[in-house]
Amino acid sequence: MSILVTGGAGFIGSNFVLDWFAQSQETVINLDNLTYAGNLANLSGLKDNPGHVFIRGDIGDVALIASLLEKYRPRAILNFAAESHVDRSIHGPEDFIQTNIVGTFHLLEATRAYWSALTEVEKAAFRFLHVSTDEVYGSLEKDAPAFNEEHRYEPNSPYSASKAASDHLVRAYHHTYGLPVLTTNCSNNYGPYHFPEKLIPLIIHNALSGRALPIYGDGQQIRDWLYVKDHCSAIRRVLEDGRLGETYNVGGWNEKANLEVVHTLCDILDELQPRSDGQLYKTQITYVKDRPGHDRRYAIDASKLERELGWKPAETFETGIRKTVQWYLDHHDWVASVTSGNYRNWVEQQYT
Ligand code: NAD
Ligand code: DAU
């Protein structure tokens, strides 16, 4: 038995693969084309595990996918692969269209061909799980109820529009061809191996290296934070027992304004690794130009997942954020390796 994971060298994908092997011996075929966001160092703990088969390749390469499906005959495909950073999608949307829409389409086509040729028993057991985002629902007013699965799609950035398009394709493959799909729409993740272009790891890294802590606009935009390992456990639950064709929202009921998150990070760092000059890290906070089209608020109503599948997050924001800061303090080498090369070019383009 095996599963095929795409994007398994990225932030959430690598956490998922590591967690998978902490509870299962089932083989994982890990397909990732190693963009700037893919990092095999995340998976170094699996180098002696023959159950982890890494393949460098693109989800849009139908011939490659077909050969992998033929060779390994997985019982499920979990699609994490994507271009994931909103700011990059604003600077250059093309890669987002290619991977998130065209790539997902090709992956679905290869999957459909494989699935159609399975026996009836194998067909019934097969799953295609698509990992998506709360950003497809757009931006919430201050007092509006959190997004549930019935909320209309209203994506506002090239990133969220491309994810919304991929969600629609996945849905259509179920409706039209009967492909046994599941979709998860999750809120903002944080935790180990988070690439330091995203708010939380960027703030930790910049704080420790004496750089400015950039706050877009007034810093009052709200995100709903979930520790990455809780996202991974939700995906495993949906894979096990999710109802075919259904969407499950995943979130931790942790709405926080960006400025509050940054202050929390500064306070934890002041406690765990105070600045040598005695100053507080929050003196490094700098307000910068806002993100164009910046969504004001996201909030996820995860009650369907809790009610139907009994899932609950294990971490509160307070426990998860402390673990995360400690992880970055303990993994200077990882941070140093990802903050070289391509990442530096990106930081210059974005912040200078
Ligand atoms: P990430 O950018 O850290 O990782 C993406 C991975 O996909 C990388 O390893 C990259 O090399 C790989 N990849 C990109 N294009 C590919 C292609 N064409 N073929 C094969 N591999 C390719 O992203 P992440 O934060 O880990 O997000 C994973 C998934 O979860 C994405 O689909 C994203 O939309 C979704 N998601 C992310 C969050 C979040 O807070 N990070 C929240 C909800 C949903
Ligand atoms: O909601 C789920 C989404 O969360 C995922 O689908 C995306 O893949 C993931 O990148 C994330 O998107 P966000 O845009 O919310 O995350 P990011 O970390 O880029 O930004 C979080 C908030 O912090 C957002 O309001 C923008 C703000 N921000 C971000 C950066 C990088 C800043 O104020 N300063 C910054 O330097």
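The residue numbers shown here count from 1 along each chain, following its written sequence. For naming, the first written chain is A and the first written ligand is 1, with later ones following in the order written. Two thresholds apply to this predicted model, a pLDDT of at least 70 for residue-level local features and 80 or more for giving and counting side-chain atom pairs, whereas whole-chain, interface and lining totals are computed over all residues. Only hydrogens and water are removed before side-chain values are computed, so all heavy atoms of the structure are retained for them.

## Examining the site of ligand 1
Argument step 1. Working definition: residue near molecule or strand if any one of its non-hydrogen atoms lies within 4 Å of it. Within the structure, ligand 1 sits among 28 residues, and I12, D32, S84, Y159 and K163 are positioned closest to it.
Argument step 2. Think of a polar contact as two N or O atoms within 3.5 Å of one another; within protein, one of them needs to be a possible hydrogen donor and the other a possible acceptor, and neighboring residues in sequence only count if both atoms come from side chains. The contact in question runs from a nitrogen atom of ligand 1 to an N or O atom on the side chain of T99, over 3.0 Å.
Argument step 3. Between ligand 1 and the protein, one listed contact pairs an oxygen atom with a side-chain N or O atom of K163 at 2.7 Å.
Argument step 4. In these tables, accessible area is a Shrake-Rupley quantity obtained with a 1.4 Å probe, and a residue counts as shielded only by the protein chains included in the view. Calculation on ligand 1 without its partners gives an accessible area of 830 Å², and the protein chains cover 96% of this total.
Argument step 5. Under the DSSP-based scheme used, a helix requires at least four consecutive residues in state H or I and a strand at least two consecutive residues in state E, with every element numbered from the N terminus. Put simply, the parts of the chain that give the shell around ligand 1 at least two residues each are helix 1 (11–23), strand 5 (127–133), helix 6 (158–177) and strand 7 (188–190).
Argument step 6. At 3 residues, the largest contribution of residues to the shell around ligand 1 is made by strand 5.
Argument step 7. Three residue categories are used. Nonpolar comprises Ala, Val, Leu, Ile, Met, Phe, Trp, Tyr, Cys and Pro, charged comprises Asp, Glu, Lys and Arg, and polar comprises the others, including Gly. For the shell around ligand 1, the per-class residue count stands at 12 nonpolar, 13 polar and 3 charged.

## Regarding the sheet that holds strand 11 (residues 255–257)
Backbone hydrogen bonds hold the strands of a sheet together, and the pairing may be parallel or antiparallel.
Argument step 1. Spatial ordering of the open sheet is given by 7-9-11, a layout of 3 strands whose pairing is mixed. Each having just a single partner strand, strand 7 and strand 11 make up the two edges of the open sheet. Averaged over all pairs of adjacent strands, the angle between their axes in this sheet comes to 50°, without regard to strand direction.
Argument step 2. Only when DSSP finds a minimum of two bridges between them are two strands counted as paired. Two elements, strand 7 and strand 9 (residues 222–227), share 3 bridges in a ladder whose sense is parallel. Bridging across to strand 9, N189 finds its partner in L226. Convention adopted: a line fitted to C-alpha atoms gives each axis, helices being fitted over their contacting stretch, and angles between N-to-C directions are expressed from 0 to 180 degrees.

## Focus on the pattern of salt bridges
Argument step 1. The salt bridge definition used is simple: a Lys or Arg side-chain nitrogen within 4 Å of an Asp or Glu carboxyl oxygen. Overall, the coordinates contain 22 salt bridges when judged by the stated rule.
Argument step 2. In this structure, R73 engages E70 in a salt bridge whose closest nitrogen and oxygen atoms are separated by 3.4 Å.
Argument step 3. Looking at R73, the relative accessible area reads 37%, which means it is partly exposed.
Argument step 4. Relative accessibility thresholds used throughout: buried, under 20% of the residue-type maximum; exposed, over 50%; partly exposed, between the two (1.4 Å probe, protein chains only). Accessibility expressed as a relative area gives 52% for E70, which makes it exposed.
Argument step 5. In this structure, the salt-bridge partner of D218 is R296, at a minimum N-O distance of 2.7 Å. On the criterion of sequence distance, the pair formed by D218 in the loop between strand 8 (213–216) and strand 9 and R296 in the loop between strand 12 (285–288) and helix 10 (303–309) is long-range, its members being 78 residues apart.
Argument step 6. Of the residues examined, D218 reaches a relative accessible area of 35% and is grouped as partly exposed.
Argument step 7. Look at R296 and you get partly exposed, because its relative accessible area is 37%.

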